[in-house]
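Structural characterization, general
The residues making up each chain are set out below.
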Amino acid sequence: MAKISASVYTSHVPAIGAAIDLKKTGEAYWQPLFAGYEYSKEWMKENTPDVIFLVYNDHATAFSLDMIPTFAIGTAAEFIPADEGYGPRPVPKVIGHPELASHIAQSVIQDDFDLTIVNKMEVDHGLTVPLSLMFGEPDAWPCKVIPFAVNVVQYPVPSGRRCFQLGQAIRKAVECFDDDIKVQIWGTGGMSHQLQGARAGLLNREWDNAFLDRLIADPAGLSEVPHIEFVREAGSEGIELVMWLIARGAMSDIQGGPAPTVKHRFYHIPASNTAVGHLILENN
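Being a predicted model, the structure only gives us computed values, none of them experimental.

Cut-offs used in this document
Residues numbered from 1 in each chain as written. Predicted model: local features only at pLDDT ≥ 70, side-chain atom pairs only at ≥ 80, totals over all residues. Heavy atoms only, no water. Helix = DSSP H or I, 4+ residues; strand = E, 2+ residues; numbered from the N terminus. Rg over C-alpha atoms; globule rule 2.2 N^0.38 Å. Buried < 20%, exposed > 50% of the residue type's maximum accessible area, 1.4 Å probe, protein only. Lys, Arg positive; Asp, Glu negative; His and termini not counted. Charge placed at Lys NZ, Arg CZ, Asp CG, Glu CD. Salt bridge = Lys/Arg side-chain N within 4 Å of Asp/Glu carboxyl O. Pairing = 2+ DSSP bridges. Polar contact = N/O pair within 3.5 Å; in protein donor to acceptor, adjacent residues only side chain to side chain. Contact = heavy atoms within 4.5 Å. Arc of directions from axis to C-beta.

On to the overall build of the protein chain. Looking only at helices and strands, the protein chain has 10 helices and 10 strands in total. Against the globule reference of 19 Å for 284 residues, the protein chain gives a C-alpha radius of gyration of 17 Å, in line with a compact fold. Viewed in the frame of its principal axes, the protein chain has a C-alpha envelope of about 50 × 40 × 40 Å. A buried classification covers 55% of the 284 residues belonging to the protein chain. Looking at charge distribution, the protein chain has the averaged site of its 21 positive side-chain charges lying 3 Å from that of its 34 negative ones.

This next bit is on the pattern of salt bridges. Enumeration over the complete set of coordinates arrives at 12 salt bridges. Here Lys172 and Asp111 are joined by a salt bridge, their closest N and O atoms 3.3 Å apart. Note that Lys172 is positioned in helix α6 (residues 160–175) and Asp111 in the loop between α4 (98–110) and β6 (116–118), a separation of 61 residues in sequence. In this structure Lys172 comes out as partly exposed when scored by relative accessible area, which is 48%. Of the charged contacts, one joins Asp253 and Arg248 as a salt bridge, the two residues approaching to 2.8 Å between their closest N and O atoms. Residue classification places Arg248 among the buried residues on the basis of a relative accessible area of 0%.

So, about the pairing of strand β3 (residues 71–74). Side chains of β3 alternate between two faces, with Phe71 and Ile73 and Ala72 and Gly74 buried alike. With 3 bridges connecting them, β3 and β6 associate as parallel partners. Each bridged residue has a counterpart across the sheet, and for Ala72 the counterpart in β6 is Thr116.

Tracing the chain through its elements places Asp253 in the loop between α10 (242–249) and β9 (261–271). For Asp253, a relative accessible area of 19% corresponds to the buried category. A polar side-chain atom of Asp253 sits 2.8 Å from a polar atom in the side chain of Arg248. Not counting residues up to four positions away in its chain, the partners in contact with Asp253 are Arg248, Pro258, Ala259 and Pro260.

Of all the positions in helix α1 (residues 14–21), only Ile16, Gly17, Ala19 and Ile20 are classed as buried. All buried residues of α1 fall inside an arc of 160° around its axis, so they share one side. Contact partners of the buried residues in α1: α2 (31–35), α5 (125–135), β9 and β10 (274–282).

Have a look at this one:
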């Protein structure tokens, strides 16, 4: 049977992708950030999964205000990098896993989570930047990827509790897929940042690190944090962190298994105008 081997958490700042694409990673401003992912790239070489279930949010590329799915799963065979206004990122196309994606959709919908099934969509920096941070600049991504887009842009957005419960349903679905493959689940977005208004540029190191502490040790309690706290403490775009709770909910300790092993933890401010958090948890 399939198994979730690890969860990975990272911010997906678009300027990070630009720094990679424009060969600026060694510049004084960017070098400390990319140094925080050197361990991760080596870890990934030794722990490359067969499939990544990648939770992210679309930034008005695949979806617009005309149609806003709360949860959307990509079931296509491939996904092309989107043109976000300055041309598509020069990264490989994403190869999907239609069989596993369809199986997860069937299982999760039967568990009473309403998913939008997407058979064709382009993927933006929310998905490609995490892949670049973990894999560098390969000619092809070394594993298949299932995109899972969450609406954290237009209110109402899903609660942390709902996201945490959804992660548990995804784990159940993966573990009853009749193929012996390793799956990682990634939660992306955040950490604290606000892009507009009087608080534009807000960063909150203390709150971000407390979030990481609780994500590791008290995810169930963390899932009860209301939206208003995310917005007040982490800025309007800090609500993206509810997506990390999907990945955390898919770990085996949530259903009574042993606690995961923290393989890597990293935090850096700023990257553009965003706090960057990163975590790798291995299932035991």
